[in-house]
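# Observations on chain architecture
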Amino acid sequence: MPIDIRRTLTTVQTTHKEGWKEVAEPTTLVAAMAIIGNPWYGRGHVEDLSPEIREHGPVLGQLLTEMILAVTGDRLEGYGKASVVGMGGEQEHGQGLTHTLWFGNKFRDAVKAKSYLAFANTRGAAGTSLIIPLMDKDDGGRRSHYQTIHTVVPDAPADDEIILALGASIGGHPNHRIGDRYADLREMGHEIDNPAGV
């Protein structure tokens, strides 16, 4: 079944002032989104989602990665992914398309990342908030790059649609000053290679 893409969107926001203070190096956040027809819509409970995941994942991963890199080039530092499934589908449908190496590795490989892709998945009507959490592509403990892109598409997703998204940052959180996970781990007596502190 070919991918039914209704629209693609790229949003770019650059922050120059945060917390009453000018930002020394403005941070740019980029979201690349594809509004697609849900390939499982109207089929009831589908036990095996893998055929559509393998068919659509690489194509969508490549498309959205190219949209991101068209803005960031090689300056990308933070990254993440997200989906919103329309009310006629299951949250598992969005998760199936985002939580697969067929999709995510297109982005990860293109930017030579070392950390996993932060993620968010939800289900809702048109205009539901799309949240894309970000983290440093190479260092999961670098809190300066824990950021969130928050946006909406007023007319999507329709009941039979899914919004798939990749997000990226150029720079860290504006005026970051909360340290990093490693300082906390040291102070609490935990091993640095145990980032969960358990």
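In what follows, the accompanying structure is described. (Residues numbered from 1 in each chain as written. Predicted model: local features only at pLDDT ≥ 70, side-chain atom pairs only at ≥ 80, totals over all residues. Heavy atoms only, no water.)

Quick look at helix H3 (residues 101-110) now. Taken residue by residue, H3 has Phe-103, Gly-104, Phe-107 and Arg-108 as its buried positions. Down the axis of H3, the buried side of the element spans an arc of 115 degrees, and every buried residue falls inside it. Those residues of H3 that are exposed and angled more than 90 degrees off the buried face are Leu-101 and Asp-109. Looking at the packing, one finds that the buried side of H3 touches helix H1 (50-72), strand E3 (78-85), helix H2 (91-98) and strand E7 (161-170). The N-terminus of H3 is capped by Thr-100, whose side-chain oxygen sits 3.2 Å from the backbone nitrogen of Trp-102. (Buried < 20%, exposed > 50% of the residue type's maximum accessible area, 1.4 Å probe, protein only. Helix = DSSP H or I, 4+ residues; strand = E, 2+ residues; numbered from the N terminus. Arc of directions from axis to C-beta. Contact = heavy atoms within 4.5 Å. Polar contact = N/O pair within 3.5 Å; in protein donor to acceptor, adjacent residues only side chain to side chain.)

Attention now goes to the pattern of salt bridges. For the coordinates displayed, the defined rule picks out eight salt bridges. Ionic pairing is found between Glu-22 and Lys-17, a salt bridge with its closest N-O pair at 3.7 Å. Assigned by exposure class, Glu-22 and Lys-17 land together as exposed. Among the salt bridges present, the one from Asp-138 reaches Lys-137, with a minimum N-O distance of 3.0 Å. By relative accessible area, Asp-138 is classed as partly exposed at 34%. By relative accessible area, Lys-137 is classed as buried at 12%. Connected through shared salt-bridge partners, Arg-6, Arg-7, Asp-155 and Glu-161 make up one network. (Salt bridge = Lys/Arg side-chain N within 4 Å of Asp/Glu carboxyl O.)

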